[in-house]
Amino acid sequence: MTRVRVLVGTHKGAFVLTADGKRDRWEVSGPHFAGWDIYHLNASPVNPDRLYASQTSGWFGQVIQRSDDGGATWEPVGNEFKYEGVAGTHQWYDGTQHPWEFARVWHLEPSLTDAETVYAGVEDAALFRSTDGGRTWHELSGLRGHTTGPSWQPGAGGMCLHTIVHDPSRQDRMFVAISAAGAFRTDDAGATWQPINRGLRSQEIPDQDAEVGHCVHRLASHPSRPDVLFMQKHWDVMRSDDAGDSWHEVSGNLPTDFGFAIDVHAHEPETIYVVPIKSDSEHFPPDGKLRVYRSRTGGNEWEALTKGLPQSDCYVNVLRDAMAIDTLDSCGVYFGTTGGQVYASADAGDSWAPIVSNLPAVLSVEVQTLP
Amino acid sequence: MIRVVLPTHLRRLADLEGEVRLEVDGPVTQRSVLDALEARYPALRGTIRDHDSLRRRAFVRFFACEEDLSHESPDDPLPEAVAKGTEPFIVVGAMAGG
């Protein structure tokens, strides 16, 4: 029978939540790696039992964990992330140049075709790849070496490469996003990169439509239409129909277009989800009401999804990597909050229920649909 | 035999319980003890000191014989009691977090 496995990274450990296809009774496993920040867990689409986890700590640095049994047991693998060549400098908060320094892995994105290959997006922003299941890591330095690199600057959360999107129709194409540099695309498997930020406007930078400097929070796409990209920017929900060559705003009737997470329905490429957050300084939902917004028109026209979600006195945040979609016929949608709740909808967002309510602050959510 | 005490998080990471007991060839220093420790438990590489520079991570401290040795040279001899195994070399996560 079909099952789902939800992989939850939190501020104090990882949790694995499993259910059958009905998605109404859940088993909770964890905490794994108790006490550590688990920025992200993700699974290989080639081998669903192969999981990767980014385990990090201000005291003890970075660890990468790997599981070959769906998260029952784990093995620490390689944790050496060394920038290629001279690390160089980027812009610091005060405008001075600051050396590139590795801090942590924000996001792990396994290859679509090889279980041993996995990409890591790190802070300070760079992209690494392992082809031996996480044992060794090598930087794809063409990204950080882009001519605009010295002008990249950190957002409030650090200068992180937090989003990696594969193009299933073009093996050599990949998209990444960096706070606060913007979105980038490679068409040659990571050797060279181009900024894809035309159409973005950001009031927080002096040249509002600059080539780089935009605080892109998250990218999402549907595998059947990889040239259509959706973006939750710091402010503004954006859409591209040409693989990022140009963007236009689709915030439409959202109550606020600030937010972090964005995702696409598994079977309806024009159905997208966001969680509006009040503002960049008030990181909670407007009016204390936790609402997911769904657009069935690829943006601009949005409906609030509230059934089963708290509609008063709710002041949690939903972080950029904390929303996921399963691929069951009745598409499941999941998101986690900084208040430690993980909500699930088994009906594409029409209704919601918490899977768990009292975890540490949730940093990331992924879901696997298993046979 | 050198005795090393690790903080809980690193004991779990290395999948060990209690004190570590290590044979160290040559002078007993921070460097030689940590080299031996990481050789036996490779998962600890990069968690106590930087991979490349081998400098102590900022929020890790080294104690022994009721002294803070964190700022001593990694090549200075450790106290005789540590070298003889009567006192442990203690790796500590610095107090932080409220």
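Okay, so let's go over this structure. Please read all numbers here as calculations on a predicted model, not as lab measurements. (Residues numbered from 1 in each chain as written. Chains lettered and ligands numbered in written order. Predicted model: local features only at pLDDT ≥ 70, side-chain atom pairs only at ≥ 80, totals over all residues. Heavy atoms only, no water.)

1. Some words on the nonpolar core
Turning to step 1, where the next piece is worked out: Counting residues in each nonpolar core, the largest one holds 41 residues, and the members touching the most others are Leu17(A), Trp26(A), Val292(A), Tyr334(A) and Phe335(A).
Turning to step 2, where the next piece is worked out: With 40 residues, the next largest nonpolar core counts Tyr41(B), Leu44(B), Phe62(B) and Leu78(B) among its residues. (Core = buried A, V, L, I, M, F, W, Y, C linked by side-chain atoms within 4.5 Å. Buried < 20%, exposed > 50% of the residue type's maximum accessible area, 1.4 Å probe, protein only.)

2. Points about the side chain of Ser179(A)
All names here are of chain A.
Turning to step 1, where the next piece is worked out: Note on placement: serine 179 falls in strand β15 (residues 174–179).
Turning to step 2, where the next piece is worked out: What makes serine 179 buried here is its relative accessible area of 2%.
Turning to step 3, where the next piece is worked out: A polar contact is formed between the side chain of serine 179 and the backbone oxygen of valine 216, at a distance of 3.0 Å.
Turning to step 4, where the next piece is worked out: Contacts of serine 179, omitting those with residues within four sequence positions, involve Gln153, Pro154, Gly155, Gly158, Met159, Cys160, His162, Cys215, Val216, His217 and Arg320. (Helix = DSSP H or I, 4+ residues; strand = E, 2+ residues; numbered from the N terminus. Polar contact = N/O pair within 3.5 Å; in protein donor to acceptor, adjacent residues only side chain to side chain. Contact = heavy atoms within 4.5 Å.)

3. Digging into the pattern of salt bridges
All names here are of chain A.
Turning to step 1, where the next piece is worked out: Overall, the coordinates contain 35 salt bridges over all chains when judged by the stated rule.
Turning to step 2, where the next piece is worked out: We note a salt bridge from glutamate 270 to arginine 239, for which the minimum N-O separation is 2.8 Å. Of this pair, glutamate 270 sits in the loop between β22 (258–264) and β23 (272–277) while arginine 239 sits in strand β20 (residues 237–240); the two residues are 31 residues apart in sequence, bridging distant segments of the chain.
Turning to step 3, where the next piece is worked out: Each member of the salt-bridge network shares a partner with another, and the members are Asp167, Arg170, Arg173, Arg185, Asp187, Asp227 and Asp245. (Salt bridge = Lys/Arg side-chain N within 4 Å of Asp/Glu carboxyl O.)

4. A look at a negative patch on the surface
Residue and element names in this part refer to chain B.
Turning to step 1, where the next piece is worked out: Together, Glu66, Glu67, Glu72, Asp76 and Glu87 give the surface a local cluster of negative charge.
Turning to step 2, where the next piece is worked out: With respect to the helices, strands and loops of the structure, glutamate 66 is situated in the loop between β3 (60–64) and β4 (67–68).
Turning to step 3, where the next piece is worked out: For glutamate 66, a relative accessible area of 83% gives the class exposed. (Patch = residues over 30% accessible without salt bridge, like charges linked within 9 Å, V, L, I, M, F, W, Y side chains within 5 Å. Areas by Shrake-Rupley, 256 points an atom, 1.4 Å probe, with all protein chains shown as cover. Lys, Arg positive; Asp, Glu negative; His and termini not counted. Charge placed at Lys NZ, Arg CZ, Asp CG, Glu CD.)

5. Quick look at the interface of chain A and chain B
Turning to step 1, where the next piece is worked out: On the side of chain B, 17 residues touch chain A, which itself brings 15 residues to the contact.
Turning to step 2, where the next piece is worked out: With both sides pooled, the region where chain A packs onto chain B buries about 1,300 Å², and carbon together with sulfur makes up 58% of that total.
Turning to step 3, where the next piece is worked out: Of all residues in chain A, Trp59(A), Phe60(A) and Asn79(A) give up the largest surface area on contact with chain B, accounting jointly for 52% of the area buried on that side.
Turning to step 4, where the next piece is worked out: At the junction of chain A and chain B, the tally comes to one salt bridge.
Turning to step 5, where the next piece is worked out: Note that Lys82(A) and Asp52(B) form a salt bridge whose closest N and O atoms lie 3.5 Å from each other.
Turning to step 6, where the next piece is worked out: Along the contact surface separating chain A from chain B lie seven residue pairs in polar contact (both at pLDDT 80 or more).
Turning to step 7, where the next piece is worked out: Of all the secondary-structure elements, those providing two or more residues to the side of chain A that touches chain B are β5 (51–57) and β6 (61–67) of chain A.
Turning to step 8, where the next piece is worked out: The element that contributes the greatest number of residues to the side of chain A that touches chain B is β6(A), accounting for three residues. (Buried area = accessible area lost by both parts, 1.4 Å probe.)

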